[in-house]
Amino acid sequence: MADATIPVSAVGTTGVSRFAGILSSLRRSPAGFIGFIIVALMVLITAIVPFFLPDVTPNVKEILLPAGSPGHLLGTDNEGKDVLIQMIGGGRTVIFVGFIAAAISTALAIVLGSLAAYLGGWVDSVVVTLADVFLTVPQIVLLAVMGAFFKLDSPLLLALLVGGLSWPVLTRAVRAQVFSLKEREFVEAARLLDLGTIRVVFVEILPNMASFILMNFMIGVTNAIYQLVGLYLLGLAPLSGANWGIMLNRAWIAGAIFNDASLAWILSPILAIVLLLLGLVMMTRSLEEILNPRLRDR
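Residues numbered from 1 in each chain as written. Predicted model: local features only at pLDDT ≥ 70, side-chain atom pairs only at ≥ 80, totals over all residues. Heavy atoms only, no water.

The protein carries the name ABC transporter permease in an unreviewed UniProt entry, which gives Kribbella sindirgiensis as its organism. Recorded in UniProt under Sequence similarities (unreviewed entry), the annotation for the protein is "Belongs to the binding-protein-dependent transport system permease family." Under the heading Subcellular location (unreviewed entry), UniProt records this for the protein: "Cell membrane". (UniProt positions renumbered as here; feature names shortened; annotations may be inferred.)

Below, the structure written as structure tokens:
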């Protein structure tokens with residue numbers, strides 16, 4: 001079993017072979033493979049299926065139909081719009097913002113944390129101070145204030161906001177990892193060869209943290225989705241269009257939780273979010289076992 005997983009972490013393997021090795025290892029982990037299938041299916045469904053569905057239009061004759069009504073598997077909302085169609089199309093924005101925000105926060109954390117640890121001095125002091133300042137402010141409160149002052153009418157702008165506020169924790173973790181790696185022999189050799197700071201940090205040091213960064217990226221996706229849905233639920237992002245957060249906001253304001261006929265309206269986006277995050281968590285835990293030699297050898 002140990003020999004079969006060696007190519008995943010072998011030095012010098014290509015990106016394609018590494019990815020193929022991870023997928024092969026995931027297939028041997030039932031939980032991880034199920035999580036991967038859940039996430040992949042939800043991404044594909046929310047990205048492709050809406051193009052083949054009819055437009056959702058209000059219909060006063062079909063207001064608050066219960067789940068299982070003819071032509072409406074999950075019923076309708078208080079405007080007569082089909083809940084199932086909204087749920088399928090509503091995941092696109094949430095997933096897009098989640099992954100882009102996680103990519104932004106991870107990139108910021110990698111650059112700031114690694115340079116702070118490698119260069120030290122005033123660079124390290126400035127980065128640590130900025131991280132401490134951001135960490136002392138509750139993120140949901142800061143997001144609420146930013147949402148009140150800026151018109152967050154673009155998914156990309158939302159991703160930039162969420163990602164731009166989520167970097168401090170990972171930055172400190174990356175900084176600690178680089179502190180331990182920069183004293184290794186191969187880094188000292190790169191310094192002696194005068195390869196330059198950028199080459200040493202991003203070519204010699206960071207590839208040795210690939211599994212650590214991947215794990216934190218997946219965690220960042222789940223955190224970004226929580227924050228985005230929270231913004232919509234609290235009404236701090238424009239309630240135009242359709243996504244899971246907007247569905248929750250409208251259902252909560254309309255009192256859907258107190259109406260048996262409209263429970264599917266409020267529960268469907270909640271179940272979709274829970275299913276997506278469950279898939280991400282299952283996949284992340286299995287990837288950690290695959291990429292971490294200490295866990296893999298247990």
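Structural notes on unusual backbone geometry
Of note in this structure, Leu 64 is not a glycine but carries a positive phi near 55 degrees. Secondary-structure assignment places Leu 64 in the loop between helix 3 (30–48) and helix 4 (83–119). (Helix = DSSP H or I, 4+ residues; strand = E, 2+ residues; numbered from the N terminus.)

Some thoughts on the pattern of salt bridges
Under the definition given, this model contains five salt bridges. Between Asp 77 and Arg 250 there is a salt bridge whose closest N-O contact spans 3.2 Å. Here Asp 77, found in the loop between helix 3 and helix 4, pairs with Arg 250, found in helix 12 (residues 244–253); they are 173 residues apart in sequence, far enough to count as distant. With respect to burial, Asp 77 and Arg 250 carry one shared label: buried. (Salt bridge = Lys/Arg side-chain N within 4 Å of Asp/Glu carboxyl O. Buried < 20%, exposed > 50% of the residue type's maximum accessible area, 1.4 Å probe, protein only.)

Overview of the nonpolar core
One finds Leu 158, Ile 225, Trp 244, Ile 273, Leu 276 and Leu 280 to be the most contacted residues of the largest nonpolar core, which totals 43 residues. Taken together, the elements giving at least two residues each to this core come down to helix 3, helix 4, helix 7 (155–164), helix 11 (210–233), helix 12 and helix 13 (263–291). With 10 residues, the single largest contributor to this core is helix 11. Beyond its immediate stretch of four places on either side in the chain, Leu 276 contacts Val 39, Met 42, Ile 95, Ile 225 and Trp 244. Of all hydrophobic cores here, the second largest spans 18 residues; its members include Ala 109, Leu 170, Leu 181 and Val 200. (Core = buried A, V, L, I, M, F, W, Y, C linked by side-chain atoms within 4.5 Å. Contact = heavy atoms within 4.5 Å.)

Observations regarding helix 12
Given 3.6 residues per turn, any residue in an α-helix points the same way as the ones three and four places further on. Across the 10 residues that make up helix 12, a large majority, eight, are buried. Within the span of helix 12, buried status applies to Trp 244, Gly 245, Ile 246, Met 247, Leu 248, Asn 249, Arg 250 and Ala 251.

Quick notes on the UniProt feature "transmembrane region" (unreviewed entry) in the protein
Per the UniProt annotation, the sites labelled "transmembrane region" (unreviewed entry) are residues 33–53, 94–119, 126–150, 156–174, 195–219, 225–249 and 261–283. For residues 156–174, helix accounts for 84% and strand for 0%, while the C-alpha atoms at its two ends are 26 Å apart. Within residues 195–219, the helical portion is 76% and the strand portion 0%, while the C-alpha atoms at the span's ends are 33 Å from each other.

Describing the side chain of Ser 69
Residue position: Ser 69 is located in the loop between helix 3 and helix 4. On the accessibility criterion, Ser 69 (13% relative accessible area) is buried. Separated by 2.6 Å, the side chain of Ser 69 and the backbone oxygen of Pro 66 make a polar contact. (Polar contact = N/O pair within 3.5 Å; in protein donor to acceptor, adjacent residues only side chain to side chain.)

Overview of the packing of helix 4 against helix 7
Put simply, helix 4 and helix 7 touch, their axes get as near as 8 Å, and they point 40 degrees apart. Between helix 4 and helix 7, the angle falls in the class oblique. The element helix 4 and its partner helix 7 pack so that their crossing is right-handed. Facing Thr 93, Phe 96, Val 97, Ile 100, Ala 101, Ile 104, Ser 105 and Leu 108 of helix 4, the residues of helix 7 in contact are Pro 155, Leu 156, Leu 158, Ala 159, Leu 160, Val 162, Gly 163 and Gly 164. For the contact of helix 4 with helix 7, the class distribution of residues is 12 nonpolar, four polar and no charged. (Axes fitted to C-alpha atoms, helices over the stretch in contact; angles between N-to-C directions. Parallel < 35°, antiparallel > 145°, perpendicular 65-115°, else oblique. Left-handed = near helix turned anticlockwise from the far one by under 90°. Nonpolar A, V, L, I, M, F, W, Y, C, P; charged D, E, K, R; others polar.)

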